[in-house]
Each structure stands twice: as structure tokens, then as C-alpha cells.
Amino acid sequence: GGKRPKGEAGKLKGMGTKKGIPDYTLFYRMGAVPGLALEFKVPGEKQTEEQIAWEHHFRQQGWHYVVVTSAEEGVNQVCLYLGIRNPLATSTRASK
């Protein structure tokens, strides 16, 4: 993801990459949901038309698709999707 210089964008296109694909995809089925897709955005930044089109495509296929604004939020979404405790979360218990 991210903005790229024209030369680098051309190389990626030549390798078969597509504009708008989510930044992170987890191909792991949880029940009826085939996977998790995350799009990382700077707070206040909007998705491009291509990203919105891919979001609709993924959702139509039953995927869980989330736009997040930080790495912490991304980790939280992965943990929620997998049904596991976030190992990076701070403990609410007082230390002894």
C-alpha cells in the first residue's frame, strides 16, 4: 500500500499487483467467514475508488473487511477475528 513513485508503481504493475487491494489479507476461515482483510489509512484519509470496489468485492465473498488507522488497531482486529487474546494489550490487573 501507500503512495509510490511512478517507476516503482510500474514495476509493481508489471509483477501483477492490482490497485486498491487491501494492505493485509488473512486467508484463514473462521466458521462461514473465509478471511480477514485490513486496509490501513492515516486518520482522516479516505479510501480510493479502487479500494472501495475491492472492499465491496471482499464483502460480497463473505470476508470480514475493516479499515484501520494504526498498527495497534490492526493487531486488535486480527485477534478479534481469530478469537484470541491480544498479547500486546496492557493488563488491567495491578502488579503485585
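Note: the structure precedes this text.
Residues numbered from 1 in each chain as written. Predicted model: local features only at pLDDT ≥ 70, side-chain atom pairs only at ≥ 80, totals over all residues. Heavy atoms only, no water.

### A few points about the pairing of strand β3 (residues 64-68)
Short version of the rule: Strand pairing is assigned whenever DSSP identifies at least 2 bridges connecting the two strands. Here a helix means four or more residues in a row that DSSP labels H or I, a strand means two or more in a row labelled E, and each is numbered from the N terminus. A crossover gets the label right-handed when its path from the first strand over the helix to the second runs clockwise, viewed with the strands pointing away from the viewer.
As judged from the five bridges shared by strand β2 (residues 36-40) and β3, these two strands associate in the parallel manner. Residue Leu36 lies in a different strand from β3, and its bridge partner there is His64. Once the chain exits β2 it traverses helix α2 (residues 49-60) before rejoining the sheet at β3, and the crossover so formed is right-handed.

### So, the packing of aromatic side chains
Our working definition: Pairs were defined over the aromatic rings of Phe, Tyr and Trp, the Trp ring being its six-membered one, requiring ring centres within 6.5 Å. Orientation was assigned from the angle between planes: stacked under 30 degrees, edge-to-face over 60, tilted for the rest. Three exposure classes are used, based on accessible area relative to the maximum for each residue type with a 1.4 Å probe and protein chains only: buried under 20%, partly exposed in between, and exposed over 50%.
Taken as a whole and assessed by the stated rule, the structure comprises four aromatic pairs. An angle of 85° between the planes, with centres 5.0 Å apart, marks the rings of Phe27 and Trp63 as edge-to-face. Pair noted here: Phe27 is in the loop between β1 (24-26) and β2 and Trp63 is in the loop between α2 and β3, with a separation of 36 residues, a long-range link. A relative accessible area of 64% places Phe27 in the exposed class. Each residue in the set Phe27, Trp54, Phe58, Trp63 and Tyr65 is aromatic and connected to the rest through ring pairs, giving one cluster.

### Structural notes on the pattern of salt bridges
Where we set the bar: A pairing counts as a salt bridge when a side-chain nitrogen of Lys or Arg comes within 4 Å of a carboxyl oxygen of Asp or Glu.
A full pass over the atoms with the stated rule returns two salt bridges. One salt bridge in this structure joins Lys19 and Glu50, with 3.8 Å as the shortest N-O distance. Taken together, the residues Lys19 in the loop between α1 (6-14) and β1 and Glu50 in helix α2 connect sequence positions 31 residues apart. Its relative accessible area of 65% is what places Lys19 among the exposed residues. Residue Arg59 pairs with Glu55 through a salt bridge whose shortest N-O separation is 2.9 Å. Of this pair, Arg59 and Glu55 both sit in helix α2, separated by four residues, roughly a single helical turn.

### Observations regarding the nonpolar core
Let me state the cut-off plainly: Buried Ala, Val, Leu, Ile, Met, Phe, Trp, Tyr and Cys residues form a nonpolar core when they are joined through side-chain atoms within 4.5 Å.
Listed in full, the seven residues of the largest apolar core are Leu26, Leu36, Leu38, Val66, Val68, Val78 and Tyr81. Contributions of two or more residues to this core are made by β2, β3 and α3 (71-82).

### A look at the sheet that holds β1
For the record, the criterion: Here an axis means a line fitted to C-alpha atoms, over the contact stretch when the element is a helix, while the angle between two N-to-C directions is reported on a 0 to 180 degree scale. Note on contacts: a residue pair is in contact if any heavy atoms of the two residues lie within 4.5 Å.
Here we have three strands laid out as an open sheet, ordered β1-β2-β3, and mixed in their pairing. Unpaired on one side and paired on the other, β1 and β3 mark the two borders of the sheet. The sheet shows a mean angle of 15° between the axes of neighbouring strands, direction not considered. One ladder, built from three bridges, connects β1 with β2; its direction is antiparallel. Bridge pairing in β2 links Leu26 to Leu36. α2 rests against β1, β2 and β3 of the sheet, and its axis sits at about 150° to β3. The sheet contacts of α3 involve β1, β2 and β3, and relative to β2 the element is tilted by about 170°.

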